[in-house]
Each structure stands twice: as C-alpha cells, then as structure tokens.
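The primary structure of each chain is shown beneath.
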Amino acid sequence: PETGRLALYLLGLRAACPPPDPSPQRLLVTWLKYYLEEDWAGSRHHGHPLTSYYQYSLGVLALCVHRKRVREEVIRRLLAAEHHGRFGHDGGSATDTEAVAALAFACMERERLVGPGLAAELRAATRRVRRRMVEAQGEDGFFGNVYSTPWAMQVFIATNTCRARPAYGRAMAALLENLDAFSTAMTMAQALPALHGHSYLDIAAMHCREEPNTLTPAVLEPLPKVPGNMTVRLLVECPEPRCPQGRLYDQQVPAPAGASLLDVLRAAAAQGPHSFTFDTQDTSQGPFLSRVLGLGARRHERSYWQLLTAPGTSLQMGVADYRPRDGETLILRLSQW
C-alpha cells in the first residue's frame, strides 16, 4: 500500500490550491480510503497496519484535511494503538507517529467529522500525547529528535497550547539552531509550518482564491568540498536467528573528507578484497537503505536497516545527509520497528 505517499501528496495538493475541477482529487481520495483498508486488512492477524502507524495516521489526517469522513472503526484502530502504547519501534522514539496521530485526532474534532462522544475520546487522546511529549522532551530541547520536533510542535499549534507550554519555546529555540538538518523537500515541509506558527490542520481552512501565486523554483547551492581524506570503521550487524554469526562486516573504509554516509558505502563497495554490497530505494525523504550484503529489510517481519554511530547512538539523518567524522565507527544494524 502507498498510504503514506498518497497521503502526503493529497496534503500537498490541498496546500497548493488545486484546480477548480474536483474530479481528479475525488479519485485520489477514494484511492486513499482504499489503501487505508488494504493497509490494515493485509496484516490484520499481526494487529498493526501493513505499513506503519505513521503512514496510517497520515492517511487519516489527509482525509480529514480534505473534509472526508472515515469509518469509526478506522479511527478506533488509532485510538487503541495510542491507548496501548503501540506507536514505538525497537525501543526508539515514537514522537513523530504520536504527533501525526494527534494531529489527525485534533483535525477530526475541529472539522466535526465525528460525534460528540468520539470527539471527547479524541480530545483526551490528544491531551495524553501532548503530556507525554512534554515529559519526554530532551535536554537539547527536542521532542524525540530534530525531525520529529516539528511534528510535535504542530500538535501544540493545532491545539492552541503553545503559549501555555514552556516546552514549546525550548523546542522552537532548538529548531532554530539546527535548521541545517532540514535539507530535503520533505523535511522542510514538516519544519516550515511550525516555524511560521501553523500546522497542517490550517490547510483545511485555506481560501485558495486569496492565495497569491508566489511559487518559484529553488536553486540549491552545492555543498563546498572539504580538502583531505578520512577513514571510518564500518560494521554490519544482524541478530540471531537470521544471522548466527552476528557481525557480518567489519572494515576500515577510506573516503574523502566531508563525504556522506552514502559516499562511504560506495567507497566500501569499491574497495577489495572484502566484498560489500548495498542497495537503496528513492523516497520523498531521500535514499533509503533497503539491502546490505544481500540481506533486505522484510516488511512482514517489520525489519529495517538502522543507522548508528558506536556504541549505539541512532543517527537522526539519512544515508545521503549524514557526514561522518574521521575515525568514527558507523554501524548498519538489521533491527525491528
């Protein structure tokens, strides 16, 4: 199912003020409703969506922004997941998923797409999510990490609680100090609304006839080249029982200074005699590491290739964005989500 991608496309389409003819838009909304059902039914015996709760929540949010009702069962699936703490993955942060779900809850309540009883449940769930975000805010000011923080901030904006929460001000300060982390169109689209005091819910209230046509192509300057070379240690780990040997690869990899992690992987693949292979998939957030040493992430096992620096710090950037330091140890670990 293409739940998340189609949901993001529909959000972007609404924000860009589509042509007056609603026919193509209606067809896409119908497809999104279909994908939401397929997403869940395809993995019903596992008790979670076939893709992820993040994508599933995005789908509900997109339908709400387009002011389309969804079946109560669809909403209650998300409510049950929030109530039972199922949004996390592999012990990591669930902030981005919780935030997207909370935005969907707040949207359905605001747009009056549900009855009074269900609206009260959605409001209570949103409050719980907001409270957990405040309690889990890091010393660096982030909610979860730098990329999930704009999502969390949108929840405070959508529920009109920014001024009453000092945590929001801390998050805004942290975000302003780390704007260089947002280097793709997708991450920028998450950060810009929060920086301007808006949330995705505001898209539903846009009056397109009053919107000026100010879109112009962006010209991105290439990153400056850093002179010299560096060497990083590259480890590939795979847990039992899938990989009895545990560590599959452990080599020093030379690369140009300032190279991205993706460049390091390419350098590892080019150096011998130790054969290293990998594959990536293009996504809206840049290249996604899909296969390493012939081992692919398996959706039905909810597995993915996690990127870390030793001894176990999860990277907050993708393979094309992260730039290792000389002497750093990088870990590619097959993990569960």
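Quick caveat: nothing in here was measured; it's all calculated off a predicted structure.

The rules behind the values
Residues numbered from 1 in each chain as written. Predicted model: local features only at pLDDT ≥ 70, side-chain atom pairs only at ≥ 80, totals over all residues. Heavy atoms only, no water. Phe/Tyr/Trp six-rings, centres within 6.5 Å; stacked < 30°, edge-to-face > 60°. Helix = DSSP H or I, 4+ residues; strand = E, 2+ residues; numbered from the N terminus. Buried < 20%, exposed > 50% of the residue type's maximum accessible area, 1.4 Å probe, protein only. Disulfide = S-S within 2.5 Å. Expected span 1.5 Å × (residues − 1). Contact = heavy atoms within 4.5 Å. Pairing = 2+ DSSP bridges. Axes fitted to C-alpha atoms, helices over the stretch in contact; angles between N-to-C directions. Parallel < 35°, antiparallel > 145°, perpendicular 65-115°, else oblique. Left-handed = near helix turned anticlockwise from the far one by under 90°. Nonpolar A, V, L, I, M, F, W, Y, C, P; charged D, E, K, R; others polar. 1 Å grid on protein atoms, 1.4 Å probe; cavity = no way out; pocket = protein on both sides within 12 Å on 5 of 7 lines; lining within 4 Å. Points joined across faces, edges and corners; volume = space filled by probe spheres on them. Polar contact = N/O pair within 3.5 Å; in protein donor to acceptor, adjacent residues only side chain to side chain. Core = buried A, V, L, I, M, F, W, Y, C linked by side-chain atoms within 4.5 Å.

Undergrad: What is the right way to read the packing of aromatic side chains from this model?
TA: The geometry of an aromatic ring pair is captured by the separation of the ring centres together with the interplanar angle, meaning the angle of the planes. Inspection of the entire model under this criterion finds 13 aromatic pairs. Between Trp-31 and Tyr-34, the ring centres sit 5.5 Å apart and the planes meet at 85 degrees, which makes this aromatic pair edge-to-face. Remark: Tyr-34 and Trp-31 occur in helix α2 (residues 23-41); sequence separation between them is three residues, near one turn of the helix. Measuring from ring centre to ring centre gives 6.2 Å for Tyr-54 and Trp-151, while their planes differ by 90 degrees; the resulting arrangement is edge-to-face. With Tyr-54 in helix α3 (residues 53-65) and Trp-151 in helix α7 (residues 148-158), this residue pair connects regions lying 97 residues apart in the sequence. Judged by relative accessible area, which is 17%, Tyr-54 ranks as buried.

Undergrad: What is the right way to look at the state of the cysteines in this model?
TA: Each disulfide consists of one covalent bond between the sulfur atoms belonging to two cysteines. One pass over the structure, following the stated rule, counts one disulfide. Disulfide pairing is shown between Cys-64 and Cys-107; the S-S distance is 2.1 Å. Looking along the S-S bond of the Cys-64-Cys-107 disulfide, the torsion reads about -100 degrees, which is the left-handed sense. Residue Cys-64 is located in helix α3, and its partner Cys-107 is located in helix α5 (residues 95-110); the two are separated by 43 residues in the primary sequence. The pair formed by Cys-64 and Cys-107 is uniform in burial state, with each residue classed as buried.

Undergrad: I tried to follow helix α1 (residues 3-15) on my own but got confused; where do I start?
TA: Since the α-helix packs 3.6 residues into each turn, any two residues three or four apart lie on the same face. Spanning 13 residues, α1 covers 18 Å between terminal C-alpha atoms, matching the ideal 18 Å at 1.5 Å per step. In this structure, the buried residues of α1 make contact with α2 and α3.

Undergrad: Looking at this model, I keep getting lost on the sheet that holds strand β3 (residues 278-283). Mind explaining?
TA: Across a sheet, strands are paired by hydrogen bonds formed along the backbone, either parallel or antiparallel in direction. With antiparallel pairing, the three strands of this open sheet are ordered in space as β3-β4-β5. Each end of this open sheet is capped by a strand with a single partner; those strands are β3 and β5 (295-296). Contacts from helix α10 (residues 261-270) reach β3 and β4 (286-292), with the element oriented near 150 degrees to β3.

Undergrad: Mind showing me how you'd approach the packing of α5 against helix α6 (residues 116-136) here?
TA: The axes of two packed helices give the description: the angle between them and the distance between them. Running from N to C, α5 and α6 cross one another at 150 degrees; their axes reach a closest spacing of 9 Å. In terms of axis orientation, α5 runs roughly antiparallel to α6. Crossing hand, α5 versus α6: left-handed. Together, Thr-95, Glu-98, Ala-99, Ala-102, Phe-105, Ala-106, Met-108 and Glu-109 of α5 and Ala-119, Leu-122, Arg-123, Ala-125, Thr-126, Val-129, Arg-132 and Met-133 of α6 make up the contact between the two elements. In the contact of α5 with α6, the residues fall into ten nonpolar, two polar and four charged.

Undergrad: In this structure, what is going on with empty space enclosed by the protein? I would like to understand it.
TA: To locate leftover empty space, one rolls a probe as large as a water molecule over the atoms. Within this structure, the stated rule accounts for one cavity of 30 Å³ or more. In this model, the largest cavity occupies a volume close to 30 Å³. As for the largest cavity, its lining consists of Val-60, Cys-64, Lys-68, Arg-69, Val-70, Ile-75, Met-108, Leu-113 and Val-114. Of the residues contributing to the lining of the largest cavity, the split by class is seven nonpolar, no polar and two charged.

Undergrad: How should I be thinking about the environment of Thr-280 in this particular structure?
TA: Within the secondary structure, Thr-280 is located in strand β3. Considered as a pair, Thr-280 and Val-292 are twelve residues apart in the sequence and their alpha carbons are 9.1 Å apart. Thr-280 has contacts with Leu-262, Pro-287, Phe-288, Leu-289 and Ser-290, leaving out every residue within four places of it along the chain.

Undergrad: Which parts of the structure should I look at to understand the side chain of Ser-148?
TA: Mapping Ser-148 onto the fold places it in helix α7. Accessibility expressed as a relative area gives 3% for Ser-148, which makes it buried. Polar side-chain contacts of Ser-148 include one of 2.6 Å to the backbone oxygen of Phe-143. Within the structure, the side chain of Ser-148 is placed 2.9 Å from the backbone nitrogen of Asn-145, a separation counted as a polar contact.

Undergrad: Sorry, what's going on with the nonpolar core here?
TA: Grouped burial of nonpolar side chains is what soluble globular proteins tend to show. Membership of the largest hydrophobic core comes to 70 residues, with the highest contact counts inside it found for Leu-61 and Met-108. Aside from chain neighbours lying at most four places away, what touches Met-108 is Val-60, Cys-64, Val-70, Ile-75, Leu-113, Val-114 and Leu-122. The next biggest cluster of nonpolar side chains, apart from the first, holds 29 residues, and it includes Leu-234, Tyr-249, Ala-267 and Leu-330.

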